[in-house]
Amino acid sequence: MNLHPKVRPLWQRAVILPALVILMAYKALHLPKGILPRALRSIVTHWDYSMFWVLIGSGATRAYIDQPCQFKMPSSFSPKVLVAPEYQLKKEQIRQFCEDGFLGPFDAFSREDMAEFRIQLLSSEHTKSKTYGFCTPRDRHLEMPSLWEHLKHPAITERLAQLLGPDLLCWRSQIFFKGPRSPAIQFHQASTFMVEDYLDPAVFPDDRNELFQLTVWLAVDDATPENGCMQFVRGSHDRVRTVKFGGEEGFYNAQFSLEFDRDPSRIVTLPVQSGQFVIFAERCIHGSPPNTTDHYRLALNARIIPTHVPVYTNKEKYRSVYNGGKYVLKNWGVAVLRGEDSHQLSRTADIDQLHSQVAKRGQKAA
Ligand SMILES: O=C(O)CCC(=O)C(=O)O
Ligand SMILES: [Fe+2]
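Every value quoted in this text rests on a predicted model; they were computed, and no experiment measured them.

Caption draft 1: Looking closely at the overall build of the protein chain. Regarding its fold elements, the protein chain presents eight helices and 15 strands. A compact globule built from 366 residues should have a C-alpha radius of gyration of about 21 Å, and the protein chain, at 21 Å, falls within 12% of that. Considering only C-alpha atoms, the protein chain reaches an extent of 60 × 50 × 45 Å along its principal axes. Relative to its 366 residues, the protein chain shows a buried fraction of 40%.

Caption draft 2: Quick look at the sheet that holds strand β15 (residues 335-338). Taken in spatial order, the six strands line up as β2-β10-β5-β12-β3-β15 in an open sheet, and their pairing is antiparallel. Of all the strands in the sheet, just β2 (102-107) and β15 have a single pairing partner and so form its edges. Looking at each pair of strands side by side, their axes are set apart by 30 degrees on average, direction ignored. Relative to strand β12 (residues 299-306), strand β5 (residues 214-219) runs antiparallel, the two sharing six bridges. Pairing of Leu 218 across the sheet is with Leu 300, part of β12.

Caption draft 3: Highlighting the sheet that holds strand β7 (residues 243-245). Taken together, three strands build an open sheet; the order of strands is β1-β7-β8 and the sheet is antiparallel. Each edge of the open sheet is held by one strand with a lone partner, namely β1 (62-63) and β8 (256-258). Sheet topology note: the β1/β7 ladder contains two bridges and is antiparallel. Its bridge partner being in β7, Ala 63 is matched across the sheet by Val 243.

Caption draft 4: Focus on the packing of helix α1 (residues 10-28) against helix α2 (residues 38-46). Where α1 meets α2, the closest approach of the two axes is 9 Å, and the angle between their N-to-C directions is 60 degrees. In terms of orientation, α1 lies oblique with respect to α2. The handedness of the crossing between α1 and α2 comes out as right-handed. On α2, the residues touching Leu 23, Tyr 26 and Lys 27 of α1 are Leu 40, Ile 43 and Val 44. Along the lines of polarity and charge, the residues of the contact of α1 with α2 split into five nonpolar, no polar and one charged.

Caption draft 5: Focus on the nonpolar core. Membership of the largest hydrophobic core comes to 85 residues, with the highest contact counts inside it found for Leu 160, Leu 169, Cys 170, Val 216, Val 220, Ala 299 and Ile 304. With six residues, the top contributor of residues to this core is strand β3 (residues 168-176). Residue-level mapping places this core at the junction of two domains, with at least three residues from each of domain 1 (1-63) and domain 2 (67-365). Beyond its immediate stretch of four places on either side in the chain, Ala 299 contacts Phe 176, Lys 178, Trp 217, Leu 218, Ala 219, Val 220 and Ala 223.

Caption draft 6: Representation of the domain arrangement of the protein chain in the model. Here the protein chain is partitioned into domain 1 (1-63) and domain 2 (67-365). Domain 1 and domain 2 are separated by 29 Å when their C-alpha centres are compared. In this assembly, 16 residues from domain 1 lie in contact with 16 residues from domain 2. Counting residues per element, the ones that place at least two in the side of domain 1 that touches domain 2 are α2, α3 (49-57) and β1. Ranked by residues supplied to the side of domain 1 that touches domain 2, first place goes to α2 with four residues. For the side of domain 1 that touches domain 2, a count of residues per class yields eight nonpolar, five polar and three charged.

Thresholds, definitions, all that
Residue numbers run consecutively from 1 along every chain, following the written order of its sequence. Going through the entries in the order they are written, you letter the chains from A and number the ligands from 1. Local features in a predicted model are, by the rule used here, given only for residues with pLDDT of at least 70; side-chain atom pairs are given and counted only at 80 or more, and totals for whole chains, interfaces and linings are based on all residues. Strands here are runs of E lasting at least two residues and helices are runs of H or I lasting at least four, both read from the DSSP assignment and numbered beginning at the N terminus. Radius of gyration means the value over C-alpha atoms here, while the globule rule gives 2.2 Å times the residue count to the 0.38 power. Burial is judged by counting other C-beta atoms within 10 Å of a residue's own C-beta: 20 or more means buried, 12 or fewer means exposed, and anything between counts as partly exposed, with every C-beta placed from the backbone. Pairing between two strands requires that DSSP report at least two bridges joining them. To obtain each axis, a line is fitted to C-alpha atoms, and for helices this fit is confined to the stretch in contact; angles are then taken between N-to-C directions over 0 to 180 degrees. For classification purposes, an angle smaller than 35 degrees is called roughly parallel, one larger than 145 roughly antiparallel, one from 65 to 115 roughly perpendicular, and anything else oblique. Here a crossing is called left-handed whenever its near helix is offset anticlockwise from the far helix by less than a right angle, and right-handed whenever the offset is clockwise. Contacts are defined on C-beta atoms placed from the backbone: any two residues whose C-beta positions lie within 7 Å are in contact. Each residue is assigned to one class: nonpolar for Ala, Val, Leu, Ile, Met, Phe, Trp, Tyr, Cys and Pro, charged for Asp, Glu, Lys and Arg, and polar for all the others, Gly among them. To define a nonpolar core, we join buried Ala, Val, Leu, Ile, Met, Phe, Trp, Tyr and Cys residues through C-beta atoms within 7 Å and take the resulting set. Either an automatic procedure or a domain database provided the assignment from which the domain bounds are taken.

In structure tokens, the structure reads:
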């Protein structure tokens, strides 16, 4: 039985609940973890007591699906690096980001550039990923030089660096095709991406309460309220919320709804023009309404961390709660987006080599 967050029949809950009490006691007593099967070892190691409490106390109907954390306001809103004047963020903008949890849109690319780029992105929609061997919109930057070149544009990297620091890694990207008449992506948030398989976090910051990760989201097509542009809940990055299993809402394959105050005055609907991007903390609650048009709303994102934050340490694979696929990580690695990686804490993808392999295969096929 896996522990994916969803409504469970009574008999399963009757099995899970005493097992959780035993595991929590096991954690509290610091008993040896080495003898436990891997899944149980992960739970004892990575779940904190509040994660156990919420599940047990609710009879397995509510849970934290990511490791709880609070947002610690930085003591200064000065940029972390000095960048070229055209990309400089004002202190006021950094303060606004820290208060709201998102910032932008910023200009990066022309409409003409995006028109060409979208053709390449769309051509990958139904093709197998070279990294994972099945069709997935994830991590295509490892095989699509044009995707990587767009992420490396200084309009993006220099803004990220002022918020996170000079040396940056991309550990995940995702294309959001959002086809004609496709459903909403319900409100969600993530911090260390524990929810991905509900056993291990993906990202291991020293202090979860600090800002250790940013998402950059680039609109390839104009994103409008009609075709499902992004919505953010202002200030909701202050803490990770619990979810209630079941209900109307579904997030890909999972079924739960995030427990937060849906005060309309805090929900910001953010149209973003083709070629512009937004930066946000993934733990800022966000989502996008349905695409009610007959056209795609194409966008992509990338998750960025400073080089001192490890990712997927010793993990060989995960099974995504959301996408359902089994992601074997042997071809995955972090890619240096800016500066250099003197820490070398995660497996690294030699992105230039990967791209030249793709080019060679293309030449052979031609
Ligand atoms: O593109 C969307 O509608 C959702 C994007 C999202 O959830 C993300 O970038 O984390
Ligand atoms: Fe998201």
